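# Examining the three-dimensional arrangement
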Amino acid sequence: MADTDRIAAAAELLASAERIACLTGAGVSAESGVATFRDAQTGLWSRLDPRQLASQEGFAAEPGLVWRWYMARLEQVTETAPNPGHVALAEIEKRADVFSLITQNVDDLHERGGSRAVIHLHGTIARFRCNVCLRPHQLEPDERTADEPPICRHCGGNVRPAVVWFGEMLPEDALRRAWDAAAACDVMLVVGTSGVVYPAARLPDMARQNGARIIDVNPDPSPISRYADLYLRGASGEVLPQVAAALNTTRSES
Ligand code: OAD
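Residues numbered from 1 in each chain as written. Predicted model: local features only at pLDDT ≥ 70, side-chain atom pairs only at ≥ 80, totals over all residues. Heavy atoms only, no water.

### Remarks on the sheet that holds strand 2 (residues 98-103)
Rules: We treat two strands as partners when DSSP finds at least two bridges between them. Runs of H or I in DSSP of at least four residues are treated as helices and runs of E of at least two as strands, each being numbered from the N terminus. Think of each axis as a best-fit line through the C-alpha atoms, taken over the contacting stretch in the case of a helix, with angles from 0 to 180 degrees between the N-to-C directions. Here, two residues are considered to be in contact whenever any of their heavy atoms come within 4.5 Å of each other.
Reading across the sheet, the 6 strands line up as 3-2-1-6-7-8 and stay open at both edges, with parallel pairing between neighbours. The open sheet has two free edges, formed respectively by strand 3 (118-120) and strand 8 (230-233), since each of these has just one partner strand. Put simply, the sheet's adjacent strands are angled 15 degrees from each other on average, direction ignored. Of the pairings in the sheet, the one linking strand 1 (residues 19-24) to strand 2 comprises 6 bridges and is parallel in character. Note on strand 2: the bridge partner recorded for C22 is L101. Running at roughly 130 degrees to strand 8, helix 1 (residues 3-16) makes contact with strand 1, strand 6 (187-191), strand 7 (213-218) and strand 8 of the sheet. Docked against the sheet, helix 7 (residues 84-95) engages strand 1, strand 2 and strand 6, running at close to 150 degrees with respect to strand 2.

Right, dumping it as structure tokens:
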């Protein structure tokens, strides 16, 4: 199928769906300048050790290193802007009857791109909590630039970003809502994920087993691309605006 035919076919699937779920990964933010994790040259985990920066063991060993790394990432995310892929997803949402956006990303670029109800499976980098008593922590401006993590005002434990680290449970409510959306959707749109981190990677397969059609957008094929009904090869900032435009045409014709 030619590329334009695939775009049109994706728009048809989305137009005929009553319930759409969308699962995004780091790739959707790549064109905003936020590094992915597993891309060979540019991915964070190709040059940094996730056990050191994204695990309880790493935080216990070097809390200052972990804190400074997350504060640098937070600053980077704050300075970036949503790209056309984020904006196109918000447009697709506006035209859908029911649309659930499930993201593995800890940035807020979907919200800033206009998406409404975003389910953050892996937490958010701009929120903080105590690593010991779990109470939320309101960050003071000078704590952002500190060399060590702030100390919890309640129990004296180290404060950390409210993101999910390796080996940790996902936020229960977010996981339940993601599961429900995947189980109930007619179409799942998967964007910019390598599909290797569980349980997120299980969502498209679960949707498929419940009869949903799967559309995957990624410049490089992933395990999800291989079973997707439609694989749209390309960068989400280029492909998704075309899908949104084709969806507009499909809707106005019907
Ligand atoms: P990965 O870094 O594993 O995968 C990024 C995917 O985006 C790859 O399949 C790329 O081919 C694709 N990609 C790159 N540029 C793109 C573009 N412009 N448009 C569309 N796709 C593009 O990121 P995730 O799958 O999100 O976990 O990784 C999952 C989890 O692993 C992350 O949430 C994080 C990480 O460890 C936690 O922080 C808990």
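### Comments concerning the environment of L170
Let me state the cut-off plainly: Only protein chains enter the accessibility calculation, which uses a 1.4 Å probe; a residue is then buried when its area is under 20% of its type maximum, exposed when over 50%, and partly exposed in between.
Checked against the element boundaries, L170 lands in the loop between strand 5 (159-163) and helix 10 (172-184). According to the relative accessible area criterion, L170 is buried, its value standing at 15%. Linking L170 and H122, residues 48 residues apart in sequence, is a C-alpha distance of 6.3 Å. Apart from the residues lying within four places of it in its own chain, the contact partners of L170 are L121, H122, V164, L175 and P199.

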